[in-house]
Amino acid sequence: MTGDATMLQDLPAEARGAGTILLRSSWQTINIGDVAHTPGAITALLGAGAGRIILWPGGLDDREHAMLAGRFPDLEFAYGDIGPDGRPDTPELARAFDEADLFIHGSAAGMGSGPGLRAWQSSGKPYGFFGITFDPLGNFMPFQLPDARRVVGGIAPGHLGDESREILDGAAFVFCRDTISLDYLRGQGVRAEILEPGPDATFAFDIRDEAGADAVLADHDLEPGFLVAVPRLRYTPYAHIRNLPVTATDLTKDAVNEAFTPRDLGVLTETIAWWVRTTGRKVLVAPEMSYAVALIADYWPATLPQDVRAKVAIIDEFWDLPTATATYARAAAVVSIECHSPILATTVGVPGTYLRQPTDTVKGAMYADLGGSNMVNEIDDGAAGVIERLARVVADPGAARGAAEGVHAEALRRLARMGRAAVAASRVS
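Parameters and conventions
- Residue numbers run consecutively from 1 along every chain, following the written order of its sequence.
- Since the coordinates come from a predicted model, pLDDT governs what is reported: local features require at least 70, and pairs of side-chain atoms require 80 or more to be given and counted, while whole-chain, interface and lining totals use all residues.
- Excluding hydrogens and water, the side-chain figures rest on all heavy atoms present in the structure.
- In DSSP terms, a helix is any run of H or I states spanning at least four residues, a strand is any run of E spanning at least two, and both are numbered starting from the N terminus.
- Partly exposed residues are those whose accessible area sits between 20% and 50% of the maximum for their type, while under 20% is buried and over 50% is exposed, using a 1.4 Å probe and protein chains only.
- Note on disulfides: each one is a pair of cysteine sulfur atoms within 2.5 Å.
- Salt-bridge detection follows one rule: a side-chain nitrogen of Lys or Arg within 4 Å of a carboxyl oxygen of Asp or Glu.
- Within 6.5 Å between ring centres, the rings of Phe, Tyr and Trp (the latter by its six-membered ring) count as paired, and their orientation is classed by plane angle as stacked under 30 degrees, edge-to-face over 60, tilted in between.
- When DSSP finds two or more bridges between a pair of strands, those strands are recorded as paired.
- Fitting a line to C-alpha atoms yields each axis, with helices limited to the stretch in contact; the angle taken between N-to-C directions then spans 0 to 180 degrees.
- Here a polar contact is recorded for every N or O atom pair within 3.5 Å, except that within protein the pair must consist of a potential hydrogen donor and a potential acceptor, and residues adjacent in sequence are included only if both atoms are side-chain atoms.
- Pairs of residues are marked as contacts when any of their non-hydrogen atoms sit within 4.5 Å.
- How sure the predictor is of each residue is captured by pLDDT, a score from 0 to 100.
- By nonpolar core is meant a set of buried Ala, Val, Leu, Ile, Met, Phe, Trp, Tyr and Cys residues that side-chain atoms within 4.5 Å join together.

**Q** I'd love a proper account of the side chain of Thr327, names of residues and values included.
**A** Position of Thr327 relative to the elements: it lies in helix H13 (residues 321-328). Since its relative accessible area comes to 0%, Thr327 is described here as buried.

**Q** Account for unusual backbone geometry, with residues named and values stated.
**A** The phi angle of most residues is negative, glycine excepted, and most peptide bonds adopt the trans form. Here Trp300 and Pro301 are connected by a cis peptide whose omega angle stands at 10°. By the secondary structure assignment, Pro301 is in the loop between helix H11 (292-299) and helix H12 (306-309). In this model, Ser26 sits at a positive phi of 55°, which is unusual for a non-glycine residue. Position of Ser26 relative to the elements: it lies in the loop between strand E1 (21-25) and helix H1 (32-47). The class for Ser26 is buried, based on a relative accessible area of 5%. Look at Asn243: it is not a glycine, yet its phi comes out positive at around 55°. Within the secondary structure, Asn243 sits in the loop between helix H9 (238-241) and helix H10 (248-279).

**Q** Got a sec to walk through the state of the cysteines? Specific residues and values, please.
**A** As enumerated under the stated definition, the model contains zero disulfides in all. Cys176 takes part in no disulfide bond, and the closest cysteine sulfur to it belongs to Cys339, at a distance of 15 Å.

**Q** So what's going on with the pattern of salt bridges? Which residues, and what values?
**A** Summed over the entire model, instances satisfying the criterion amount to 25 salt bridges. For Arg177, the salt bridge identified is with Asp200, shortest N-O distance 2.6 Å. Linking Arg177 in the loop between strand E6 (173-176) and helix H7 (179-187) with Asp200 in the loop between strand E7 (195-197) and helix H8 (210-219), this pair joins segments that are 23 residues apart in sequence. Here Arg177 and Asp200 have matching classes, each one buried.

**Q** Please give an account of the packing of aromatic side chains that cites residues and values.
**A** Scanning all chains against the criterion turns up twelve aromatic pairs. When the centroid spacing of 5.6 Å and the interplanar angle of 70° are considered together, the rings of Trp56 and Phe97 count as edge-to-face. Of this pair, Trp56 sits in strand E2 (residues 53-57) while Phe97 sits in helix H3 (residues 91-99), and the two are 41 residues apart along the sequence. A ring pair is formed by Trp56 and Phe103, whose centres lie 6.1 Å apart and whose planes are at 75°; its orientation type is edge-to-face. Here Phe103 lies in strand E4 (residues 102-105) and Trp56 lies in strand E2, a separation of 47 residues in the sequence. Trp56 sits in the buried class, given a relative accessible area of 0%. Under the relative-accessibility criterion, Phe103 is labelled buried at 0%.

**Q** Hey, could you go over the sheet that holds strand E13 (residues 376-378) for me, with residue numbers and the actual values?
**A** If you walk across this open sheet you meet the six strands as E10-E9-E8-E11-E12-E13, and the pairing is parallel. Both outer strands of the open sheet, strand E10 (312-314) and E13, are each paired with one neighbouring strand and no more. Recorded for the sheet is a direction-independent mean angle of 20° between the axes of neighbouring strands. Summarising the sheet, strand E12 (residues 352-356) and E13 pair through three bridges and their orientation is parallel. Residue pairing in the sheet places Arg356 in a bridge with Glu378 of E13.

**Q** Report on the side chain of Glu64, specifying residues and quantitative values.
**A** Topologically, Glu64 is positioned in helix H2 (residues 62-71). There is a polar contact of 3.1 Å between the side chain of Glu64 and the side chain of Arg63. With near-sequence residues (within four places) excluded, Glu64 lies in contact with Thr29 and Val35.

**Q** So what's going on with the confidence of the model for the chain? Residues and values would help.
**A** Scored by pLDDT, the chain comes out at a mean of 94, with 96% of its residues at no less than 70. Between residues 10-16, whose pLDDT stays under 50, and residues either more than four places distant or in other chains, the model counts 16 contacts.

**Q** Provide a residue-level description of the nonpolar core, including the pertinent values.
**A** It is characteristic of soluble globular proteins that their nonpolar side chains tend to be buried jointly. Counting residues in hydrophobic clusters, the biggest one holds 108 residues, and the most contacted among them are Phe130, Phe173 and Leu185. It is helix H17 (residues 397-428) that contributes the most residues to this core, nine residues altogether. Membership of the second largest hydrophobic core comes to 34 residues, among which are Ile30, Leu227, Ile272 and Ile379.

Right, dumping it as structure tokens:
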């Protein structure tokens, strides 16, 4: 397993030795994109001169814990939660709260750690947000991105809730991973010390399991230059994944998934068929989330045209993030209905396309923010746009890879700025 520890080290050695940072991240392990947030953020912080980092994970399994410990030998872990009394409920988390100089809320689709932030505020020490989406529309108000931007731009001040405003106003920095979220918070008059764009920390992920990728290619008889296709439902079925009670909202989401899945996966199937028939090369259908393993088995190869099936390979288990990223590095392109696989593709210089569903959050705007406006195709527009993009990849692979590298370089530049702001805030206390 490999990593490049120098990718964001843009500060001189004498700038190191900052205060202790408590990073609240690692929200879940059922999504390899979410897994990538944490090592990406740590890489950016270390590159900016951070000293001691303590990770407070939301959910971390043994596999992901081992990945982080192997990549960052000095990383400390503090497990626990906030109890009914509003305080850390384990000695190790209480100690981390006492010893840390800065609290960072990691990349997420919102304020995922409100109790933690409120508990931290009582200390009077600084805190900030490291690449979040703050979507005022929510995924029950589905819009394509241009329409979402227009609607959000028209929301009058006073819309933001008092509790969220109080937390955001008190932040040392709020970096929004998309400019729709940023424009909303600015329009609501949020007074954080720094309120700027800042991409998802996944862009700084740099761990690859080359041996794992070798095994994937061998197992599926793949040669470099294949296409990766990543499916998704319109709503992630969390209640079913986590064996939670099914609510009325869950039943509505199930109905939406049932209604739109054939259409959405049909767009991906049409793209797969075009690739095979045009290039003669193979396709690897792979999951970004754990539930997609069963989704893939249900739809492929059964829905594929007969002349295409022999060229389509399927990942039939939930693979790990370093193996997935190293496999993406061997691909010609990645087409994904999930948002994070195209980011992971850029980290290895591979063209990625995000087939965005209108029920997803506005986070997909981050691609255009970074100069990759052609990386997003709205899935309701059908397969024509993504096929046109893939045709350009086939015609000029060098230019396509150069564009992916350009998006990645811009993301790293901004992440370096985010890291410097965080390290500076950790010195204040």
